[in-house]
Amino acid sequence: MQPENPEPYSAPAQAVWPAAAIPGRPGAHLRAAQADGADPSPSGDADTCSADESETPSELVKIPDAEPTVGSALLDELRAQIAQFVILPSPEALDAVTLWVAATHLQPAWQHAPRLAVVGPAKRCGKSRLLDVLTETVHEPMLTINTTPAAIFRSITEENPPTLLVDEADTIFGTPKMAEKNEEMRGLLNAGHQRNRYVTRVVGNDHTPHRFATFAMAAIAGIGDLPDTVMDRAVVIRMRRRAEGEKVKPFRSRRDIPALHDLRDRIAAWARPLLDEAAILEPEMPVEDRAADTWEPLVIVADLAGGHWPRLARAACARMVAAEAAAEEDHPSGARILADIRRVFYAQREVDSLSTEELLHYLRQDAEAPWAEWGRGGLTARELSRMLRDFEIKPGNVRMADRTQRKGYMRNKFLDAWRRYCPAVHPVDAATTRGEG
C-alpha cells in the first residue's frame, strides 16, 4: 500500500550545485559532459524541478546525473519504504533521511557523525513513527530510553559504533532545569559528533582512568527544538501533522520488519566494501564550516550511489541548511507564548486588558510552561515585548480596575494571532468579539 499524498513527497527536486566527484574519478563526469556537449539537465518524473529552484545561486552549475550503481537503486527503494509509513515535510527532508540511514552503515569511514534532529511543534507529528522505521533500517540501533550516559558511552566501540536513537528528547532537554540535569547527555551527543573525542572515567576497584569513545551517529526526536549545540550538529527534520487527505501505511512489526531488515542487510552489503573509498572522498559541498562537516557523509553516500543522488543530496543540503539559518532569526517560542497568553486571558474571564506585570505573573505561575525559568530570572517585560513584536502586538497604556494606568496588553490585540497560530486553545467566539479590534 503506497501513501496517498497531495504532493509527491518522494519526488526529488532539480538543483544547481557545485560539481561532485564520481567515486574513483574526480571530475570525470563533468569533463565527459563538456566534451560530449551533453545537456546536464536531468529528465523524467523523478527529477521534477522544485518550486524554489530560482533561489539557487546563479554561479553554481547543474550536476549531471552520474552512472547509477546498485546503491542508487537501494536508496530509491529505501526512500519509497520510508514514505510508506511517514510523511516528511519536504522532498529534501525525505532524501536527507534516506541518505542518513545509509550513512549509518559506513560510520567507520566518517570524520563526523551527523545527528538527525527529528523535531515537531506538538504531538502526533510522526516523530516516533519515523524512529520506528529508522530502528529497523540503521546499523546496530541502540535505543536510549531511560539509558544513562555512562551506559551509552560504555556501549560505543571505535571499530563498530552503534546508531543511537533517542525518543522523547523533550523530557531530557525541554526546560533549562531539565537540560541542566541532563548536561552529561548533551555533552555526550556533542562530543560524539566528531571522531577522537573521548570521555575519561575511572573504572575498577583501583579507580584506573579509562578513555571511552563517544563517536556514533544519533537520531534524536522530541517536541520543540533541541539544545542549540545539538541542533548545530544535526540534519534537522521539522515534522508536522498530517493534513486531511495525507495517508500513510500503518506500521505493523510482524508484517513490515522482515522487509525492512532485508533492505537494511542489502544496503549494508553494498556499503561494506566501500569503506576505504568513502573514507578518502572529499566532495564539493554547497555549504561551509560545521554544516559541511555534518552533511559530508550524506553527500559521500550519494556520490557512491550515483544516479540522481549526488544532485539530490546537494539540493537537500543547501536548502535545508538555508532554512535552518533563516529559522534561527525567528524566536522558537512564538506560538507557545501566544497559546499561554490565550490561557491566561481565558482564566481571567476574558478581561479587556492585563498589565504587563500581571501577565508575566500568570505566565510564570504555569508549572508546565518554560517562562518561570526563562533566561536568568524568568521571562521579562522586554523579552515578552520582543516575542510579540513578530505578531505585531505591542504593549500600551491600559486602565486598571483602580482607575490607574499602567503599561500592558489589550486582549483585542491578540485576537487575530490567536485565530491564526493557536485556534484550538479556547477558541475565540466571533459573536463575543464582534466589534473588538
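What counts as what
Residues numbered from 1 in each chain as written. Predicted model: local features only at pLDDT ≥ 70, side-chain atom pairs only at ≥ 80, totals over all residues. Heavy atoms only, no water. Pairing = 2+ DSSP bridges. Helix = DSSP H or I, 4+ residues; strand = E, 2+ residues; numbered from the N terminus. Axes fitted to C-alpha atoms, helices over the stretch in contact; angles between N-to-C directions. Contact = heavy atoms within 4.5 Å. Expected span 1.5 Å × (residues − 1). Buried < 20%, exposed > 50% of the residue type's maximum accessible area, 1.4 Å probe, protein only. Salt bridge = Lys/Arg side-chain N within 4 Å of Asp/Glu carboxyl O. Phe/Tyr/Trp six-rings, centres within 6.5 Å; stacked < 30°, edge-to-face > 60°. Core = buried A, V, L, I, M, F, W, Y, C linked by side-chain atoms within 4.5 Å. Lys, Arg positive; Asp, Glu negative; His and termini not counted. Parallel < 35°, antiparallel > 145°, perpendicular 65-115°, else oblique. Nonpolar A, V, L, I, M, F, W, Y, C, P; charged D, E, K, R; others polar.

Caption draft 1: Representation of the sheet that holds strand 9 (residues 396-399) within the structure. Spatially, the three strands line up as an open sheet ordered 8-10-9, and their pairing is antiparallel. Looking at strand neighbours, the two that pair on one side only are strand 8 (353-355) and strand 9, the edges of this open sheet. With strand direction ignored, the average angle separating the axes of adjacent strands in the sheet is 65 degrees. The pairing of strand 9 with strand 10 (residues 405-410) spans four bridges and is antiparallel. Residue Gly 396 lies in a different strand from strand 10, and its bridge partner there is Gly 408. Contacting strand 8 and strand 10, helix 15 (residues 356-365) runs over the sheet at an angle of about 85 degrees to strand 8.

Caption draft 2: Representation of helix 10 (residues 253-271) within the structure. Along its 19 residues, helix 10 runs 26 Å from first to last C-alpha, staying within 8% of the 27 Å computed at 1.5 Å per residue. Where helix 10 is buried, its residues touch helix 2 (70-85), helix 3 (91-103), helix 11 (275-280) and helix 12 (289-305).

Caption draft 3: The arrangement of the sheet that holds strand 1 (residues 115-120) in detail. On the basis of which strands lie adjacent, the open sheet formed by five strands has the order 2-3-6-1-7 and parallel pairing. Only two strands of the sheet have a single partner each, and these edge strands are strand 2 (141-143) and strand 7 (234-238). Along the sheet, successive strands turn relative to each other by an average axial angle of 20 degrees, direction set aside. Most of the contacts of helix 3 go to strand 7, to which it runs at about 135 degrees, and overall it touches strand 1, strand 3 (163-166), strand 6 (218-223) and strand 7.

Caption draft 4: Structural detail: the pairing of strand 3. Covered by surrounding structure in strand 3 are Thr 163 and Leu 165 together with Leu 164 and Val 166, the residues of both alternating faces. Looking at chain direction, strand 2 and strand 3 are connected through three bridges and run parallel. Among the inter-strand pairings, Met 142 is bridged to a residue of strand 3, identified as Leu 164. Here three bridges tie strand 3 to strand 6, and the two strands are oriented parallel to one another. The partner of Leu 165 across the bridge, within strand 6, is Ala 219.

Caption draft 5: How the structure looks around the pattern of salt bridges. Following the criterion strictly, the structure yields 19 salt bridges and no others. Salt-bridge contacts for Arg 79 lead to Asp 95; the nearest nitrogen and oxygen are separated by 2.7 Å. Of this pair, Arg 79 sits in helix 2 while Asp 95 sits in helix 3, and the two are 16 residues apart along the sequence. Note that Arg 266 is salt-bridged to Asp 262, the shortest N-O span being 3.0 Å. Placement of the pair is Arg 266 and Asp 262 together in helix 10, with a separation of four residues, close to one helical turn. The class of Arg 266 is partly exposed, set by a relative accessible area of 32%. Taken together, the salt bridges that share partners define one network made up of Asp 76, Arg 79 and Asp 95.

Caption draft 6: Layout of the packing of aromatic side chains. As enumerated under the stated definition, the model contains six aromatic pairs in all. With a centroid separation of 5.8 Å and 50 degrees between ring planes, the pair formed by Phe 345 and Phe 414 is classed as tilted. Residue Phe 345 is located in helix 14 (residues 334-347), and its partner Phe 414 is located in the loop between strand 10 and helix 17 (415-421); the two are separated by 69 residues in the primary sequence. Classification of Phe 345 by relative accessible area gives buried; the value is 0%. Where Phe 414 meets Trp 418, the ring centres are 5.3 Å apart and the plane angle is 15 degrees; that geometry is what we call stacked. Neither Phe 414 nor Trp 418 differs from the other in exposure class; each is buried. Ring pairs connect the aromatic residues Phe 345, Tyr 409, Phe 414 and Trp 418, which therefore count as one cluster.

Caption draft 7: Quick look at the nonpolar core. Counting 64 residues, the largest nonpolar core has Leu 88, Trp 110, Leu 134 and Ile 237 as its most contacted members. Discounting residues that sit within four places of it in the chain, Trp 110 has contacts with Ala 103, Arg 195, Phe 215, Met 217, Ala 278, Pro 297, Ile 300 and Val 301. Counting 25 residues, the second-largest nonpolar core is a separate cluster that includes Leu 360, Ile 393, Ala 417 and Val 425.

Caption draft 8: Spatial organisation of the side chain of Arg 233. For Arg 233, the location among the structural elements is in the loop between helix 9 (228-231) and strand 7. The buried charged residue Arg 233 lacks any salt bridge partner; its closest oppositely charged side chain belongs to Asp 232, at an N-O distance of 5.1 Å. Those residues in contact with Arg 233, other than ones at most four positions away along the chain, are Pro 114, Arg 115, Asn 190, His 193, Arg 290 and Thr 294.

Caption draft 9: Focus on the packing of helix 3 against helix 12. Running from N to C, helix 3 and helix 12 point in directions that differ by 90 degrees, and their axes come no closer than 9 Å. Looking at the two axes, helix 3 sits roughly perpendicular to helix 12. Where helix 3 abuts helix 12, its residues Ala 96, Leu 99, Trp 100, Ala 102 and Ala 103 lie against Trp 295, Pro 297, Leu 298, Val 301 and Ala 302. The residue makeup of the contact of helix 3 with helix 12, split by class, is 10 nonpolar, no polar and no charged.

Caption draft 10: How the structure looks around the side chain of Glu 136. Positionally, Glu 136 belongs in the loop between helix 4 (127-135) and strand 2. This buried residue, Glu 136, is left without a salt bridge; Arg 264 holds the nearest opposite charge, at 5.4 Å. Among all residues touching Glu 136, those that are not within four sequence positions of it are Phe 251, Ile 257, Leu 260, His 261 and Arg 264.

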